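# Working through the structure, step by step
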Amino acid sequence: MSWIPFKIGQPKKQIVPKTVERDFEREYGKLQQLEEQTKRLQKDMKKSTDADLAGVQAAMSKSAVKISLDLLSNPLCEQDQDFLNMVTALDTAMKRMDAFNQEKVNQIQKTVIEPLKKFGSVFPSLNMAVKRREQALQDYRRLQAKVEKYEEKEKTGPVLAKLYQAREELRPVREDFEAKNKQLLDEMPRFYGSRLDYFQPSFESLIRAQVVYYSEMHKIFGDLTQQLDQPGYSDEQRERENEARLSELRALSIVADD
Amino acid sequence: MADPGTDNPSSRSESPSQEGGGSEDKLLLHQRLAIRELIDTEDSYLHLLRLCASDIRSGLQQLPQGDLDILFSNINDIIQVSSRFLRGLQETASQEEEQVQLIGNLFLQFHEEFEQVYKVYCANYDQALLLVNAYRKEPELQQEIQGIIEAVVPQAGPSGLSFVLVIPLQRITKYPLLLQKILENTLPSASAYPVLQRATSALQDVNSNINEYKMRKEVASKYTKVEQLSLRERLARINTHTLSKKTTRLSHMLKQEAGLVPRTEDKEFDGLEERFQWVLLCVTELKSNMAAYLENLEAFLRFRPHECGVDIPGGPAEQYSSLARDLQHEVFMEFKQRLEGLVWQPLCSLASVLVGPQNLIKKRQDKLLDFERVEEKLLEAGTITYEEEASRHTYQALNSLLVAELPQLNQLVMQWLGQIVRTFVALQKDLADQALQKAESSMAQLPHQHISEPDFRKLLEDTLDRTSGQLHSFRESLEKALPPTTQPLLPGSERQMQALLSRYGPEKLYQVTSSINGTGTLDLTLLRGQIVALLQNKDTKGNRSRWLVDTGGHRGYVPAGKLQQYHVVPSEKEPRGQVGLLEDSGLLTPEPTQVPVSAAPAVTQVVAAYPFVARSSYEVSLQAGQHVKILEAQDKKGNPEWSLVEVNGQRGYVPSSFLATIPSPAPWGWSLPS
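Residues numbered from 1 in each chain as written. Chains lettered and ligands numbered in written order. Predicted model: local features only at pLDDT ≥ 70, side-chain atom pairs only at ≥ 80, totals over all residues. Heavy atoms only, no water.

Put simply, the test is: UniProt positions are given in the numbering used here, feature names are shortened, and annotations may be inferred rather than shown by experiment.
Per an unreviewed UniProt entry, chain B is named Rho guanine nucleotide exchange factor 37, and its organism is Jaculus jaculus. Turning to chain B, the UniProt record has this under Function (unreviewed entry): "May act as a guanine nucleotide exchange factor (GEF)."

Here it is, written out as structure tokens:
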């Protein structure tokens, strides 16, 4: 309604075409999501290798080592040669597994965590560039409004002078915005697309690291069971044997019956 | 019927006189009778036993099975042994001459078996009695039981069940007496005599062994369980008796420590105990280490690495996701369950088994002190009380029990422990096998699966280098600040700018990006767009955000953040006149005396944008649209807010912001190119 004196309430003239703005939003939105996912993946991977290094899986590995270590330090080893042999073999196996665990962690660190970090480091720059574009857009809008204000006035000398001044100010700002906009619209989809190529090798590496680790484990414990003369019992057989041993012990008078 | 002369062996051997023969016959007769008694009583005993085991037991079916087991214990075993024994006895009946010898041999043959079966029954008997007494308290049940017993064994009388159950006890104690009777009626010269003697003492030993066994069992069951007493209960237990016991023990122990009293050393026991302690340590440590391992395993299972979802469909990412899931949910879960059942549970059972012996060893230590004190007293006083005798006995029972059974315990425990460790190893191997299988099948679907590991690592390294380079260039291109926008120069400042340029050089020129209001005495007030030259990029205090600049007329400090390096744009005249201002300022040769506006080929001019009324003689009035000539773009104090202009032949100061530059020739009514 043109008789309304306040011009503030009027919608700003669309200086950036709607389609362009929409494209921009879409691309940026995708990248924001990717940033989230990358951060999460990085955190999980870090926890997992931290898990391998200092957290749960490492703890498992270390407590396995402790089992054999304590057994080895028991004085019974001095009296019982068979026991000593068994425990020494176990200890060697556990220590080797621990070393392989460490290796696995290092490999993952190098081929998954580091690349993830590098990928993630692009985002702050991207966000900054988007912010600068936004800033430029604001400046652009402001100066455009100023020019329009003068354009609507009666064309007197002073007005023309101010108009000229305003247009002078506007031009570099508009160019700046357009340059920034174009750059981002070019770069963002490219960056988003690059993630496929970027992440695949890391995941391949992850799987391979598992294969390497478990092959070693298979070998080490295979050898160990050979060495300890382990018959291939089934679980039921083992359970029955445990029952039998327990009853044997309970038959002794010095063992309390409950 | 002792006849002084008749038992004289010499008289017998010398002359088979009627008297000697008579007494011999008497002996023989008694012997025969005793043997007869033995065999007959064995027969009826066996018969009773059989009735007990079958008729009575089946009659008492209403009682719970567990009770019946306790009541009748190993009666069937006794029946087995007894029936064989009876057969043996009956066979000897045919051999008249050697019967006594055969009987003696038979006893020697059987005495070990007797000990084995009877000791179990006897040790159990007290418990059976407890049950019988419990039944007595229930009148109805008691009546029923009584009825059944009386039906089968009428001679049981009112004692009923207990009468029946005590029979085996009576029998085993009877054997030595029966044998004794036969022995008494056997001539010492008879060939069978030594055998009989051995048999008799063997059976006596059997009885004392059975007693010993029974006592051990009692002692063991008394002390293996440490009662869980509350503090109050413990206090209630303290009476003068226990207190005196404990204080005497303590004093004895102190005497030992002080060397006043010798310690009873039992090397055999000490060796066994030491080994036991190591075994205990082994089991305890293994158990707690295994608990820690299981805890960590559980923590590992709670962790979910595969739930990361980077939007990468297909390919290795998905592979990895499903591999991680399989490993956790299937492989490691199964491992955990098996570990719990086949390693953890047995360890717990093993640990609990060791509690009893631990308590016994502790108790033995206490009893040892008692024992030593009693021994001491015995030495000094020569006699000991009944109580003291009992405590001596307890110690000995405990000690012998432990010495007898600890070796076996230690061995069994160590065997089991070894088995558990081996099981642990086997489980790890199975885990590795399963995990490897899953991982390998995952890898088989990878694009580079045929490449060896070292080659793959090299390939990966190269790829990562390349991609990291790409990322780096991404970053750089994003970070590259596009050339800063240059503000249009303030009207009239080109000359100033030229002056600064010639004095300081282009690298020192900075443009003000937003207006600065100087607050301190040395601070400058500048307008946006103004050009200054940098003198020093810090102040006297070293503050790097305050720079010392020269405006051409004045020097002072300004905040560095509001300055932007000014690029003196090398001009290329654009077809559009509007950009002419910026370009042309570069073209101008530094001629401070020339007013740049008029020296430029009439591209720009300065006009008054607003009317201005002079308020003093230093100022000059302006009319909007008037052309003015700028003489100086600042006042005498260097304040750029005022400009010295010439208009209409008059000179004076006007506000700089009232001036505007326009392209010229600019008569009224020109339209700006759009």
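### Re the overall build of chain A
This is how it is decided: Only runs of H or I of at least four residues qualify as helices and only runs of E of at least two qualify as strands under DSSP, and these elements are numbered from the N terminus. Only protein chains enter the accessibility calculation, which uses a 1.4 Å probe. A residue is then buried if its area is under 20% of the maximum for its type, exposed if over 50%, and partly exposed in between. Residues count as neighbours in contact if any of their non-hydrogen atoms are within 4.5 Å of one another. For the area figures, the Shrake-Rupley method with a 1.4 Å probe applies, and any residue is considered shielded solely by the protein chains shown.
Helix and strand counts for chain A come out as six helices and zero strands. The buried share among the 258 residues of chain A stands at 52%. For chain A, contacts bridging at least 24 residues in sequence account for 79% of all contacts bridging at least 6. Summing over all exposed atoms, chain A offers an accessible surface of approximately 13,200 Å²; the carbon and sulfur share of this is 52%.

### Looking at the nonpolar core
Our working definition: We call a set of buried residues a nonpolar core when its members are Ala, Val, Leu, Ile, Met, Phe, Trp, Tyr or Cys and they connect through side-chain atoms within 4.5 Å of each other.
Core analysis: the biggest nonpolar cluster contains 117 residues, and F83(A) and L409(B) have the highest contact counts within it. Of all the elements, helix α14 (residues 386–443) of chain B adds the most residues to this core, at 23 residues. Non-local contacts of F83(A), meaning those with residues more than four positions away in its chain, are made with L71(A), L76(A), C77(A), C282(B), M414(B) and L417(B). Grouped together as the second largest cluster of nonpolar side chains are 64 residues, L71(B), L86(B), I103(B) and L183(B) included.

### Describing the sheet that holds strand β2 (residues 531–536) of chain B
Residue and element names in this part refer to chain B. What counts, and what does not: Here, a strand pair is defined by DSSP locating no fewer than two bridges between the strands. A fitted line through C-alpha atoms serves as each axis, taken over the contacting stretch for helices, and the angle formed by two N-to-C directions is quoted from 0 to 180°.
Strands sit in the order β4-β3-β2-β1-β5 across an open sheet of five strands; the sheet is antiparallel. Both edges of this open sheet fall to β4 (555–559) and β5 (563–565), since each of them pairs with a single strand only. Across the sheet, the mean angle from the axis of one strand to that of its neighbour is 50°, orientation sign disregarded. Pairing of strand β3 (residues 546–550) with β4 involves five bridges; the strand directions are antiparallel.

### A few points about empty space enclosed by the protein
Where we set the bar: The way it works is a 1 Å grid over only the protein atoms, where trapped points that fit a 1.4 Å probe form a cavity and open points with protein on both sides within 12 Å along at least five of seven lines form a pocket, and then any residue with an atom within 4 Å of a point lines it. Grid points are joined across faces, edges and corners, and a volume is the space filled by probe spheres set on the points. Put simply, Ala, Val, Leu, Ile, Met, Phe, Trp, Tyr, Cys and Pro go in the nonpolar bin, Asp, Glu, Lys and Arg in the charged bin, and everything else, Gly too, in the polar bin.
Here the structure, examined in full by the defined rule, presents 12 cavities of 30 Å³ or more. The volume enclosed by the second largest cavity comes to roughly 200 Å³. Looking at the second largest cavity, it is lined by 14 residues, and the ones nearest its centre are M60(A), Y213(A), M217(A), Y293(B) and Q428(B). For the lining of the second largest cavity, the per-class residue count stands at 11 nonpolar, three polar and no charged.

### Quick word on unusual backbone geometry
Non-glycine residue N648(B) carries a positive phi angle of around 50°. As for its placement among the helices and strands, N648(B) is situated in the loop between β8 (642–647) and β9 (650–655).

### Considering the side chain of N74(A)
To be explicit about the condition: By the criterion applied in these results, polar contacts are pairs of N or O atoms within 3.5 Å in which, for protein atoms, one can donate a hydrogen and the other can accept it, and in which residues neighboring in sequence qualify only through two side-chain atoms.
The topology assignment puts N74(A) in the loop between α2 (56–73) and α3 (76–79). Exposure remark for N74(A): the relative accessible area of 3% places this residue in the buried category. One polar contact links the side chain of N74(A) to the main-chain carbonyl oxygen of W278(B), over a distance of 3.3 Å. When near neighbours in sequence (up to four residues on either side) are disregarded, N74(A) contacts W278(B), L281(B) and C282(B).

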